[in-house]
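Observations on the model geometry
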Amino acid sequence: MLKLPRLPILILLTALIVAAFVAPMFVGTYGVKFITRVIVLAIFVLSLDLLIGITGLVSFGHAMFFGLGAYVVWCLSPDAAAANILLVFPAAIVLVALAAAVIGSLAVLTRGFYFIMVTLAFGEMMYSFFHETRYAGGSDGAYVNIKPSLQIGGKMLLDFEHRLSFYYFCLAMLVLIYVGLVALVHGPMGRVLQGIRWNEQRIGALGFNTYTHKLASFVIAGSIAGFAGALYATIDGFVTPDLFSWRQSGHAIMMVVLGGVGTLYGAILGAILYTGLEDVLKSSSIVGPLSQHWSLGLGVFLIAAVLAAPRGVAGFLSPKPRRAAESDADATVGVVDLEPTGGGKTIAVEGLTRRFGGLVAVNDVTLKLEPNKVHGIIGPNGAGKTTFISLLSGTLKSTAGRILLAGEDVTGRPAYALARRGIGRSYQITNVLLPFTARENCLLAAQAHRPSPLRFFGSRPRQDEEDAVKRALNAVGLSSRADTQAAHLSHGEQRQLEIGMLLASGAKLLILDEPLAGMGPEETERVTKLLRKLSADHTVILIEHDIDAIFAAADTLTVLVGGKLLAHGLPSDIRNNAEVREAYLGTHGTAA
């Protein structure tokens, strides 16, 4: 998870602010205008880093919000008078936020390459509208004749015709927006956004509606870009359709990459470096005739920079993550003060069926699993076990049948909705947030009790969330490894962490897909004991290919073969069932 800037970075940022503050004393009109442009672009690039580096959404149409903000200033500026700052800038933010909400509601439905294409398409549509119609001057652009100002009671407080007033206003806004975004990223919403970037499936399974969180990030980033566009239109008092173009978005992406993706401060450094280098390469007095081919030189530099410093400028300022010192997990794994009330939940299915075209993966299964027990599900490969629990957890929707959770019909509910009702699921392949520490993984899970995307700020977790994290880490034996990055935990510890996340989330029905896979005998014994203890206050549904382990852990066993329910009962009954021995256990059942 993104850490607060280290001391060297804070010193560098402070030095840049001080340098920007005193720069007008040493540079002329062109220098002030150039630095103002860099500051405004830094605000724009910061908004894009929130999308790309924090949320994991690569937008190639982000400039459409930049351009919209600029055109709002033009639209609200009278021909012969100055627009009111308190009108045009808030209007630009609000109107662009509304546009981002509409566009984002569609774009966020897609992922990866398709998200890139959708945002690019929207951006090009806006570019075409302003470029090919006579509205706002068409391809020639339009002028803001008099720059905005702020007057109260006939007294001029801010006049952006005065270049220095506008310069210091932009500098103050950059500092304010950077501090605000740092606070946002380290708050509850920011933790979820970072989780979405690294593992959206896990975040949804914990109970977060990833769609609304991504949409909120898209709107916030769009509104900041709109504000940057409004400032940009005020620099020269001129707007042009080129502000919407994919090139503008591409330049911003290059600045993000050059500075360091997902660091926020890297966006500022990238804007400074990219814009400064571009200005130098365009200057014939510095590079001579090469200035005619400045874009070629810039391209060569960017390629070299990416190859030499894939983490951007920020990579030189932040040390590479070090592997934490190895230590054994807690020798004893036991439930420590887990939720004393509530107990496990009953889940039942009636005629549950799932078809994939002509393949029936789960076929008319009717079953009821009682609370506060460990229920094992076994069957040969291809029996439909994983599909069955995917239906129970909401990852897949059933073709037919019903699912009843504690008597409530939850058929067709998405995974995040079922997670909020107390279902927690682990996956066949370990599914934790590898860049997060064990504590941060569990903290994000505990935060799912209040999953609203509107929890913007508050870096310190609530006390009940802290308590849930401590109990979960104690229960799975990872207290001594709480501050170790999940990527540096052993395979067995990662499996334990995944169970710990479910406990921290408050889940009362735990669906575990092969939690013992890849574990050694000692780890297997520890986790088996943990599952038995958890059943005192949880319902546990367990898929496991380790026959000895599942017979030792389970109170009941359900056998699936070919998607159909073959048998359900006590382990002793299943062991002695001739059909089960023939279909699954083979000689193991006979020998037993």
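Looking at an unreviewed UniProt entry, one finds the protein chain named Lipopolysaccharide export system ATP-binding protein LptB, with Variibacter gotjawalensis as its source organism. According to its UniProt record, the protein chain has this under Function (unreviewed entry): "Involved in beta-(1-->2)glucan export. Transmembrane domains (TMD) form a pore in the inner membrane and the ATP-binding domain (NBD) is responsible for energy generation." Regarding the protein chain, the relevant UniProt record gives this comment under Subcellular location (unreviewed entry): "Cell membrane".

**Thoughts on the overall build of the protein chain**
When helices and strands are tallied, the protein chain shows 23 helices and 14 strands. Seen through its C-alpha atoms, the protein chain measures out along the principal axes to roughly 90 × 55 × 50 Å. A separation of at least 24 residues holds for 75% of the contacts in the protein chain among residues at least 6 apart in sequence. A total accessible area of about 25,100 Å² is found for the protein chain, and carbon and sulfur atoms account for 61% of it. When the 48 positive and 43 negative side-chain charges of the protein chain are each reduced to one mean point, those points stand 2 Å apart.

**Details of the UniProt feature "transmembrane region" (unreviewed entry) in the protein chain**
In the numbering used here, UniProt assigns the feature "transmembrane region" (unreviewed entry) to residues 6-27, 34-54, 84-107, 113-130, 165-185, 215-239, 251-274 and 294-313. From the first C-alpha to the last, residues 165-185 spans 30 Å; its make-up is 100% helix and 0% strand. Secondary structure across residues 215-239 comprises 88% helix and 8% strand; the distance between its end C-alpha atoms is 28 Å.

**Some points on the sheet that holds strand β9 (residues 408-409)**
The antiparallel open sheet is built from four strands, whose spatial order is β6-β5-β8-β9. Each having just a single partner strand, β6 (359-369) and β9 make up the two edges of the open sheet. With two bridges joining them, strand β8 (residues 400-405) and β9 adopt antiparallel strand pairing. Pairing of Leu404 across the sheet is with Asp409, part of β9. Those strands touched by helix α14 (residues 385-393) are β5 (347-356), β6 and β8, and its axis lies near 120° from that of β5.

**What about the confidence of the model for the protein chain?**
The predicted coordinates ought not to be read in detail in places where the model reports low pLDDT. Summarising the model, the protein chain shows a mean pLDDT of 89, and 94% of its residues fall at 70 or more. A low-confidence stretch, residues 324-337 stays under pLDDT 50, and its non-local contacts, those more than four residues away or across chains, total 38 contacts. Below pLDDT 50 for its whole length, residues 588-592 participates in seven contacts with residues either more than four positions away or in separate chains.

**A word on the packing of aromatic side chains**
Scanning the entire structure with this criterion turns up 23 aromatic pairs. Judged by centre distance (5.1 Å) and plane angle (85°), the rings of Tyr167 and Tyr168 are edge-to-face. Pairwise contacts between aromatic rings join Tyr71, Trp74, Phe129, Phe130, Tyr135 and Phe244 into one cluster. Positioned over the ring face of Phe356 is Arg354, at 4.5 Å from the centre of the ring.

**Some words on the domain arrangement of the protein chain**
Assigned domains within the protein chain: domain 1 (7-317) and domain 2 (347-585). Each of domain 1 and domain 2 has a C-alpha centre, and the two are 44 Å apart. Carbon and sulfur atoms make up 62% of the area that domain 1 and domain 2 hide from each other, which totals about 2,400 Å². For the pair domain 1 and domain 2, the number of links is one salt bridge. For Glu498, the salt bridge identified is with Arg202, shortest N-O distance 2.7 Å. Scanning the region where domain 1 abuts domain 2 turns up 11 residue pairs in polar contact (both at pLDDT 80 or more). For the side of domain 1 that touches domain 2, the element with the highest residue contribution is helix α7 (residues 188-206), accounting for 14 residues. Considering only residue class, the side of domain 1 that touches domain 2 consists of 12 nonpolar, 12 polar and two charged.

**Concerning the environment of Trp74**
Mapped onto the fold, Trp74 is located in helix α3 (residues 63-76). Residue Trp74 is classed as partly exposed on the basis of its relative accessible area of 22%. Residues Trp74 and Lys147 lie 73 residues apart in sequence; the distance between their C-alpha atoms is 9.5 Å.

Rules used throughout
Residues numbered from 1 in each chain as written. Predicted model: local features only at pLDDT ≥ 70, side-chain atom pairs only at ≥ 80, totals over all residues. Heavy atoms only, no water. UniProt positions renumbered as here; feature names shortened; annotations may be inferred. Helix = DSSP H or I, 4+ residues; strand = E, 2+ residues; numbered from the N terminus. Contact = heavy atoms within 4.5 Å. Areas by Shrake-Rupley, 256 points an atom, 1.4 Å probe, with all protein chains shown as cover. Lys, Arg positive; Asp, Glu negative; His and termini not counted. Charge placed at Lys NZ, Arg CZ, Asp CG, Glu CD. Pairing = 2+ DSSP bridges. Axes fitted to C-alpha atoms, helices over the stretch in contact; angles between N-to-C directions. pLDDT = per-residue confidence, 0-100. Phe/Tyr/Trp six-rings, centres within 6.5 Å; stacked < 30°, edge-to-face > 60°. Lys NZ or Arg CZ within 6 Å of the ring centre and 35° of its normal. Domains from an automatic or database assignment. Buried area = accessible area lost by both parts, 1.4 Å probe. Salt bridge = Lys/Arg side-chain N within 4 Å of Asp/Glu carboxyl O. Polar contact = N/O pair within 3.5 Å; in protein donor to acceptor, adjacent residues only side chain to side chain. Nonpolar A, V, L, I, M, F, W, Y, C, P; charged D, E, K, R; others polar. Buried < 20%, exposed > 50% of the residue type's maximum accessible area, 1.4 Å probe, protein only.

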